[in-house]
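So you can see what is in the structure, the chains are spelled out below.
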Amino acid sequence: MPRELKPCGTRAAAQRHRRHGEEVCPDCKAAEREHRRKYARRDRVEKTIQVDFGGANTTDPLTVARENLAIVTATLRSDKCLPKDIVPLTKRREELVQLVQQLSTQHEEERMEQQGAEVAENVAEAAFRPTAV
Ligand SMILES: [Zn+2]
């Protein structure tokens, strides 16, 4: 019994046209186009990863680095991470961890310096405060 052939207007029929060296007919072309359109859209939707930034909109380098790290981590942990993405993403993750650490240390040092300056100011103020006699 011969294999049942898919009718025109299907992807299988379009492939059959090509196999036979025929021109793909308009119905089959339309079927392929529709498939590509659907598949591309699904692909785009599935590649979206939601990361909650708490509505913050910032240019602070430390916050941005932390958010980027959150995006990379979420991507790596999701089922959207393709095998080819693993190496670049893990590398990026390591870079971001370093950057966050570096920026956190800077922030901490600036904070300490600021506090130190405030203390010094208070001391200076106290020194020059006229004492009631
Ligand atoms: Zn056809």
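Residues numbered from 1 in each chain as written. Predicted model: local features only at pLDDT ≥ 70, side-chain atom pairs only at ≥ 80, totals over all residues.

A. Main features of the overall build of the chain. Scanning the chain from terminus to terminus reveals 4 helices and 0 strands. Looking at the chain residue by residue over its 133 residues, the buried ones come to 5%. Look at the contacts in the chain between residues 6 or more apart in sequence, and 37% of them connect residues 24 or more apart. (Helix = DSSP H or I, 4+ residues; strand = E, 2+ residues; numbered from the N terminus. Buried ≥ 20, exposed ≤ 12 C-beta atoms within 10 Å, placed from the backbone. Contact = placed C-beta atoms within 7 Å.)

B. Just the confidence of the model for the chain, in detail. Chain-level statistics for the chain give a pLDDT mean of 84 and a share of 83% at 70 or above. Averaged over each element, pLDDT in the chain is lowest for helix 2 (residues 26-46) (83) and highest for helix 1 (residues 11-19) (95). (pLDDT = per-residue confidence, 0-100.)

C. Fine view of the environment of L69. Among the secondary structure elements, L69 is positioned in helix 3 (residues 61-77). Judged by C-beta crowding, with 17 C-beta atoms within 10 Å, L69 ranks as partly exposed. In this structure, the C-alpha to C-alpha distance between L69 and L96, residues 27 residues apart in sequence, is 5.9 Å. The residues touching L69, leaving out its near neighbours within four places in the chain, are R93, L96, V97 and V100.

D. How the structure looks around the environment of I86. In this structure, I86 sits in helix 4 (residues 83-128). Residue I86 is classed as exposed on the basis of its 12 C-beta neighbours within 10 Å. The spacing of I86 and T75 is 11 residues in sequence and 9.4 Å in space, taken between C-alpha atoms.

E. Spatial organisation of the environment of T63. Within the secondary structure, T63 is located in helix 3. Taking the C-alpha atoms as reference, T63 lies 8.5 Å from V100; in sequence the two are 37 residues apart.

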